[in-house]
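# Survey of secondary and tertiary structure
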Amino acid sequence: MKIISLLQQVDVAEKIKNAPDESYQIGVVIGSFIPFVILIGIAYWMYNRAKKRE
């Protein structure tokens, strides 16, 4: 698990600084937020399932 977390560490500020154009910058920002959005969606889905079970 530690190896996976080391591979996933990305320096977003450095990628944006070295970006060739603005569309690449937008892609980096969106790509850095996708994992958080997915986790929030899974947490919300689990919450709704637990709420309906009661």
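Residues numbered from 1 in each chain as written. Predicted model: local features only at pLDDT ≥ 70, side-chain atom pairs only at ≥ 80, totals over all residues. Heavy atoms only, no water.

### A few points about the overall build of the protein chain
Rules: Each helix is a run of H or I in the DSSP string that is no shorter than four residues. Each strand is a run of E no shorter than two, and both are numbered from the N terminus. For every residue, the accessible area (1.4 Å probe, protein chains only) is compared with the maximum for its type, and the residue is labelled buried under 20%, exposed over 50%, or partly exposed between those bounds. Values of accessible area rely on a 1.4 Å probe in the Shrake-Rupley scheme; residue burial ignores everything except the protein chains shown.
The helix and strand tally for the protein chain stands at three helices and zero strands. Going residue by residue from the N terminus, the α and β elements of the protein chain occur as α-α-α. With 54 residues in all, the protein chain has 4% of them scored as buried. When the accessible surface of the protein chain is totalled, it reaches about 5,300 Å², and 66% of it is carbon and sulfur.

### What about the confidence of the model for the protein chain?
Should the pLDDT be low somewhere, the predicted coordinates at that spot are not to be read in detail. The criterion, for reference: pLDDT expresses, on a scale from 0 to 100, how confident the predictor is about each individual residue.
Averaged over every residue, the pLDDT of the protein chain is 77; the share at 70 or more is 76%. Per-element averaging of pLDDT across the protein chain places helix H1 (residues 2-8) at the bottom with 53 and helix H3 (residues 22-53) at the top with 87.

### Some points on H3
Operational definition: Multiply 1.5 Å by the residue count of a helix minus one, and that product is the helix's expected span. One axis is fitted to the seven residues ending at the residue and one to the seven starting there. The bend at that residue is the angle between these axes.
Between its first and last C-alpha, H3 extends 47 Å over 32 residues, near the 46 Å set by a 1.5 Å rise per residue. Its maximal kink placed at Ile 34, H3 deviates by approximately 30°, while the proline Pro 35 follows within four residues.

### Section: a nonpolar patch on the surface
Note the following rule: What makes a patch is a set of residues exposed beyond 30% relative accessible area and free of salt bridges, joined within 9 Å when like-charged and within 5 Å when nonpolar (Val, Leu, Ile, Met, Phe, Trp, Tyr). A side-chain nitrogen of Lys or Arg and a carboxyl oxygen of Asp or Glu constitute a salt bridge if their distance falls within 4 Å.
Together, Ile 26, Ile 30, Ile 34, Ile 38, Ile 42, Trp 45 and Met 46 make up an exposed nonpolar region whose accessible area comes to about 720 Å². With respect to the helices and strands, the residue Trp 45 is situated in helix H3.

### Concerning the environment of Ile 16
So the rule is basically this: Only heavy atoms matter for contacts: two residues are in contact if any of them lie within 4.5 Å across the pair.
On the secondary structure map, Ile 16 appears in helix H2 (residues 12-17). Sequence separation of Ile 16 and Val 28 is twelve residues, and the distance between their C-alpha atoms is 7.2 Å. Those residues in contact with Ile 16 that sit more than four places away from it in its chain are Gln 25, Val 28 and Val 29.

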